[in-house]
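# Chains, contacts and geometry: an overview
The chain contents come next:
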Amino acid sequence: MSLSVALIGATGYTGLEVARLLTQHPHAELTVATARAEAGNPIASVHPSLAGRLDLRLEELDPTEIGKRCDVAMCCLPHAASAKTVRQLVDAGVRVIDFSADFRLSSLEVYESWYDVKHPWPERVGKTVYGLPEFYADEIAAADVVANPGCYPTSAILPLAPLIRAGLIRSEDIIIDSKSGVSGAGRSAKVGTLYCETNESIAAYAVGCHRHQPEIEDLLGRISGRAAEVLFTPHLTPMSRGILSTIYARPAEGLAGEGSGVGSAQAVIEGVMQCWRDCYAASPFVNPVDHLPATAHVAGTNYVQMAVRRSGERLVLLSAIDNLAKGASGAAIQNMNVMFGYDQNAGLG
């Protein structure tokens, strides 16, 4: 018997990616897709690439009805609005994977400060599992709500957290320089994401005030047990999808091989690679690699490629993901697989 899946807010890029991935899933089927303005229309009228692949009409959101028809819901709504809907779905007996930031942070005060809203379900803040199966698979398996990670945080947490936890790098003075494809800004029309604004150009944005910075620091601290201090700067690049994060970190004091010689540098690099291999030995999608990662290497997949180099007194960590896959919808499918006891690769191989 197939798992019945609801997609809440189906008109965006993440909604399209969820729907596309579910068409190839061996154990799950998209049975409800909601969109307020497009209700009544075929989903292929909003996402023409689904024509002939998915015969489904968009519906108005009705949590009680979804509770009767679905086992799990993927909620792709904006923050605050999402938490209210997630609560209604849980009350209706549906397990939920939430794409918003409403349940990612452990502090209500930090959430309300950075998002400038009152949380609609404050008692669940800090009590909802973060959707990185690489660290929280057991908790995800038993969860009624999973907070799907942010795309930028995924690209930074996966390389950094094991190294901080193992004491190989310092947890402060970490610089994260990330570059994302334009799909990360969503599908709604904005001047800053028009073709003529983004083509042949790269630009930083939200410098010093991007909402993913507290998420990165929070999760690094929770996973490693050490308070983290990062400087995060995102950039918009003229490509459709993908994230490349270049991260600058300092080796921990007293780390064997911390000297400046070639042999010493290689020893540090080998220590980092071994730490990653040990941490992610049972994780099917995280690949430490010797070459320099590129977004083209992981496009359209749920895979992460990570590499390390030494430059002077710093380590340079590089990670590449697809922002719509491992950075959003692919991660949600992976989380769904863990929640319902399927192989993590199901629908993603």
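Note: the structure precedes this text.
Treat the numbers as computed from the prediction; the structure is a model and nothing was measured.

Attention shifts here to the sheet that holds strand β8 (residues 203-204). Taken in spatial order, the seven strands make up an open sheet running β8-β9-β7-β10-β13-β12-β11, and their pairing is mixed. Each edge of the open sheet carries a strand with a single partner, namely β8 and β11 (286-288). In this structure, β11 lies alongside strand β12 (residues 304-311), joined through three bridges in parallel fashion. The residue of β12 that forms the bridge with P288 is M306.

What tends to happen in soluble globular proteins is that the nonpolar side chains get buried as a cluster. One finds M74, L160 and M336 to be the most contacted residues of the largest nonpolar core, which totals 76 residues. With nine residues, the single largest contributor to this core is helix α7 (residues 151-165). Among all residues touching M74, those that are not within four sequence positions of it are V5, A6, L7, I8, V18, I97, F99, A332, I333 and M336. Of all hydrophobic cores here, the second largest spans 17 residues; its members include V32, C75, A83 and V145.

Moving on, we get to the sheet that holds strand β3 (residues 72-75). Strand order in the open sheet made by the six strands is β2-β1-β3-β4-β6-β5, with parallel pairing throughout. With partners counted over all chains shown, the strands left at the sheet margins are β2 (28-34) and β5 (129-130), one partner each. Note that strand β4 (residues 95-98) and strand β6 (residues 145-147) share three bridges and pair parallel. From the neighbouring strand, V96 faces β6, where its bridge partner is V145. Across the sheet, helix α4 (residues 81-91) lies against β1 (3-8), β3, β4 and β6, angled at about 165° from β4, the strand it touches most. Running over the sheet, helix α11 (residues 325-339) touches β1, β2, β3, β4 and β6 and is turned about 155° from β4.

The next subject is the layout of surface pockets. In this structure, the largest pocket spans a volume of roughly 1,500 Å³. Lining of the largest pocket is provided by 47 residues; of these, T14, C76, L77, P78 and G186 occupy positions nearest its centre. Mapped onto the lining of the largest pocket, the elements with two or more residues apiece are α1 (13-22), α7 and α11. For the lining of the largest pocket, the element with the most residues is α1, which contributes three residues. The space that makes up the second largest pocket amounts to roughly 250 Å³. Together, 15 residues line the second largest pocket, and Y13, V182, S183, G186 and S240 are the ones closest to its centre.

About the thresholds
Residues numbered from 1 in each chain as written. Predicted model: local features only at pLDDT ≥ 70, side-chain atom pairs only at ≥ 80, totals over all residues. Heavy atoms only, no water. Pairing = 2+ DSSP bridges. Helix = DSSP H or I, 4+ residues; strand = E, 2+ residues; numbered from the N terminus. Core = buried A, V, L, I, M, F, W, Y, C linked by side-chain atoms within 4.5 Å. Buried < 20%, exposed > 50% of the residue type's maximum accessible area, 1.4 Å probe, protein only. Contact = heavy atoms within 4.5 Å. Axes fitted to C-alpha atoms, helices over the stretch in contact; angles between N-to-C directions. 1 Å grid on protein atoms, 1.4 Å probe; cavity = no way out; pocket = protein on both sides within 12 Å on 5 of 7 lines; lining within 4 Å. Points joined across faces, edges and corners; volume = space filled by probe spheres on them.

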